[in-house]
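# An overview of the molecular structure
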Amino acid sequence: MALLELKGIAKHFGAIEALRGVDMELRAGEVVGLMGDNGAGKSTLVKIIAGNFPPSHGEIAINGQAQHFHKPVDARAQGIEVVYQDLALCNNLSAAENVFLGREEKRRLGPFRLLDYGRMYERAAALFAELKSETRPRDLVKQMSGGQRQAVAIARTRLSRANFVLMDEPTAAISVRQVAEVLDLIRRLRDQGIGVALISHRMPDVFAVCDRVVVLRRGTKVADKPTRDSSPEEVTGLITGAIQHA
Amino acid sequence: MQQSRSFQTSVEIDEVTGLKERSVAQRLLASQAFWVTMALVAICAVMSWVAPDAFATTDNFFNITRNFAFIGIMALGMTAVILTGGIDLSVGSLMGIVGIAAGLVLQAQFPWWLACLAGLATGVAAGAVNGFLIAYLRLSAFVVTLGMLSIARSLAIVLSQNKMIYEFGPDAEIFYWLGGGDMLGVANPVWVLVVMTLFFGFVFNFTSWGRWLYAIGGNENAARLTGVPVDRIKMQAYMVSGLTAAISALLTVSWAGSAINALGQTYELRVIASTVIGGANLMGGEGGAFGAFVGAALIEVIRNSLLMAGVDSNWQGAFVGFFIILAVLLERIRGRSRD
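To keep things clear, this report deals only with the structure shown in the data block.

The rules we used
Residues numbered from 1 in each chain as written. Chains lettered and ligands numbered in written order. Predicted model: local features only at pLDDT ≥ 70, side-chain atom pairs only at ≥ 80, totals over all residues. Helix = DSSP H or I, 4+ residues; strand = E, 2+ residues; numbered from the N terminus. Rg over C-alpha atoms; globule rule 2.2 N^0.38 Å. Buried ≥ 20, exposed ≤ 12 C-beta atoms within 10 Å, placed from the backbone. Contact = placed C-beta atoms within 7 Å. Pairing = 2+ DSSP bridges. Axes fitted to C-alpha atoms, helices over the stretch in contact; angles between N-to-C directions. Parallel < 35°, antiparallel > 145°, perpendicular 65-115°, else oblique. Left-handed = near helix turned anticlockwise from the far one by under 90°. Nonpolar A, V, L, I, M, F, W, Y, C, P; charged D, E, K, R; others polar. Expected span 1.5 Å × (residues − 1). Arc of directions from axis to C-beta.

## Looking at the overall build of chain A
Scanning chain A from N- to C-terminus turns up eight helices and 12 strands. Expected size for 246 residues packed as a compact globule is a radius of gyration near 18 Å; at 19 Å, chain A falls within 12% of this value. Taken over the C-alpha atoms alone, chain A extends approximately 65 × 40 × 35 Å along its principal axes. Evaluated residue by residue, chain A yields a buried proportion of 43% over its 246 residues. Counted over contacts in chain A with a minimum sequence separation of 6, partners at least 24 positions apart contribute 65%.

Laid out in structure tokens, this is it:
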């Protein structure tokens, strides 16, 4: 069973301590909600796991093996995929082209290596079907709804059969119906044995899909417990500091 | 598309093929290059009817195509740059310095191919300087290429000692043929343009490099996060633009039989106009090789038609400018109906 471990992760930017020794685990087939107020260190933690920058102290380990990520490609090579808040999609390209951006399918033709559109459309269609999304591979992302755009961004993470998917505020800027779609997508990832970390401000979403909730306050982990043993009221208290620790 | 979903299971295949057909027709109707081609055909039809003896002649066709070939070739390289959301204002001046460089090599009695190689290397090197400053040092493309416009022109004047170069040495005849000759009744520069348009169209659509140009223009940050080597691709786009400017300069010098340091002055505007008329979006991410081709063709046909119609040639600029604005307006209207 795949396991992502963070041990004593700290990060300071000059005099500012964004994270002060956070321990955390992410297991395959588990959805963890990562909550905290603005500036609590959620984004910093995600960026460290994603390889955007290294931690000042502490260690990341996958299945017990210590990892050193220098750039996002390193983290991706170890099976960690990120769905960014702005989704990182190109509006002027099709769904399939976005899924395969930077990892295009090619076939040889003499000395050339040409894009294999047939195979990319086929594989993208299979990924969308797997996610039970109605997104069509040939459609331009420009013309899609927020939920479909999320599906494209999530399908991209399935391309490499990643073990861990980090999602940064996937439900922040979309309609209620689309939120339900995205939560379904997250459940499907979990059912396929993927470890999902969901960074969110939206309490109902976290309690709807997460197995465990982790709360950060001012760079410190103040709670890490199963969602069924907690409540939105408790988490709110932990985020604001009304409850010190749980 | 939404309505047909209710009987999805029963007519699945029809639905799928129906979707495909519609999307091809839609794509055609939504493409600026298609409408510009229609305009081109319409103008040619009208002119052939109005002035069959002047416009619709083999000689005139030969001249028109050769004239726009020089611009069209550069428009292809410009398209690569504009797709990334950049701009290259230096292409006209690059023509100047490439022409002088090749001319000097010929004048020094070297063979024709060495002159061509020197010219191409000059163009690519200047493009590499542009690209490096823009991609790696993150300077504004507008400012860097504006600077190069001034530098390259000045170097061309200095290198040529402000004299025309016309003694092309032992290989002069071969060199003259490159841009001045013709095959099967079509001028050589036109052949070059046709082959290059096909090649660029192929590269833009069927290689990762081509699609990455579109991705960078669409969302540079997204391209970077998904592992596209954005800086390298951007630099290469400017090198390609320098290369096409060099090819065009060599053909022009060869056709004219002399190299002058004023070669290509203000051509950058005609090149950018061609790509924009052909459907390239200056914000990046939209455009294509065929668009660059028809854009250049349309401008030349309009110029030629005005001459044939006996309009004072000083009016040409006004008409060409009018069509540029019309093209952008058309693009905006289509964009609105799509959203």
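## Some points on the sheet that holds strand 2 (residues 16-27) of chain A
Residue and element names in this part refer to chain A. The antiparallel open sheet is built from four strands, whose spatial order is 2-1-4-5. At either margin of the open sheet sits one strand with a lone partner, and together these are strand 2 and strand 5 (65-67). Taken over all neighbouring pairs, the strand axes of this sheet differ in orientation by 30° on average, direction set aside. The pairing of strand 4 (residues 57-62) with strand 5 spans three bridges and is classified as antiparallel. The residue of strand 5 that forms the bridge with alanine 61 is alanine 66.

## A look at the pairing of strand 8 (residues 112-115) of chain A
For a regular strand, the rule is simple: side chains alternate between the two faces of the sheet. Residues and elements named next belong to chain A. Pairing geometry for strand 7 (residues 106-109) and strand 8, over four bridges, is antiparallel. Pairing of arginine 108 across the sheet is with arginine 113, part of strand 8. In this antiparallel pair of consecutive strands, strand 7 and strand 8, the connection spans two residues, and glycine 110 shows a positive phi of 60°.

## Looking at the pairing of strand 10 (residues 195-199) of chain A
All names here are of chain A. Strand 10 sits mainly inside the fold: five of its five residues count as buried. Residues Gly195, Ala197 and Ile199 point to one face of strand 10 and Val196 and Leu198 to the other, with burial holding for every one of them. For strand 3 (residues 31-36) and strand 10, the ladder comprises four bridges, and the chain directions are parallel. Along strand 10, the bridge assignment pairs valine 31 with valine 196.

## As for the packing of helix 3 (residues 58-83) of chain B against helix 12 (residues 267-277) of chain B
Residue and element names in this part refer to chain B. Close contact between helix 3 and helix 12 brings their axes to 8 Å; oriented N to C, the two are set at 70°. By the angle class used here, helix 3 and helix 12 are roughly perpendicular. When you trace helix 3 past helix 12, the crossing you get is right-handed. Judged by residue contacts, Ile71, Gly72, Met74, Ala75, Met78, Thr79 and Ile82 of helix 3 engage Tyr267, Arg270, Val271, Ile272, Ser274 and Thr275 from helix 12. Its residues assigned to classes, the contact of helix 3 with helix 12 shows eight nonpolar, four polar and one charged.

## Digging into the sheet that holds strand 10 of chain A
Residue and element names in this part refer to chain A. Strand order across the open sheet formed by six strands is 6-9-10-3-11-12, with mixed pairing between neighbours. Of all strands in the sheet, those with a lone pairing partner are strand 6 (80-83) and strand 12 (220-226), marking the two edges. Between one strand and the next, the sheet's axes are offset by a mean angle of 20°, whatever the strand orientation. Inspection of the sheet shows strand 3 paired to strand 11 (residues 212-217) by five bridges, in the parallel sense. Counted as the bridge partner of methionine 35 is valine 215 from strand 11. The sheet contacts of helix 6 (residues 176-191) involve strand 3, strand 9 (164-168) and strand 10, and relative to strand 10 the element is tilted by about 150°.

## Examining the interface of chain A and chain B
Listed per partner, the contact involves 16 residues of chain A and 18 residues of chain B. Taken together, the elements giving at least two residues each to the side of chain A that touches chain B come down to helix 2 (72-77) and strand 8 of chain A.

## Some details on unusual backbone geometry
Residue A:Asn63 is not a glycine yet carries a positive backbone phi of 50°. Of note, A:Asn63 is situated in the loop between strand 4 and strand 5. The phi angle at B:Thr266 is positive, at roughly 65°, despite the residue not being glycine. Mapped onto the elements, B:Thr266 comes out in the loop between helix 11 (230-256) and helix 12.

## Observations regarding the packing of helix 2 (residues 32-50) of chain B against helix 13 (residues 289-308) of chain B
Residues and elements named next belong to chain B. Closest axis-to-axis distance for the helix 2/helix 13 pair is 9 Å, and the angle between their directions is 25°. Relative to helix 13, helix 2 is oriented roughly parallel. Crossing of helix 2 over helix 13 shows left-handed handedness. The residues of helix 13 that touch helix 2, namely those facing Gln32, Ala33, Val36, Thr37, Ala39, Leu40, Ile43, Cys44 and Met47, are Phe290, Gly291, Val294, Gly295, Ala297, Leu298, Val301, Ile302, Ser305 and Met308. In terms of residue class, the contact of helix 2 with helix 13 is built from 14 nonpolar, five polar and no charged.

## Let's talk about helix 6 of chain A
Residues and elements named next belong to chain A. With 16 residues, helix 6 extends 23 Å between its outermost C-alpha atoms, agreeing within 8% with the 22 Å of an ideal straight helix rising 1.5 Å per residue. Residues Val179, Glu181, Val182, Leu185, Ile186 and Leu189 constitute the buried set of helix 6. When helix 6 is viewed along its axis, its buried side chains cluster within an angular range of 160° and face the same direction. Among the exposed residues of helix 6, those pointing more than 90 degrees away from its buried face are Val176, Arg177 and Asp191. Elements in contact with the buried residues of helix 6: strand 3, helix 5 (146-158), strand 9, strand 10 and helix 7 (203-209). Looking one or two places after helix 6, you find glycine 193, whose phi comes out positive at around 85°.

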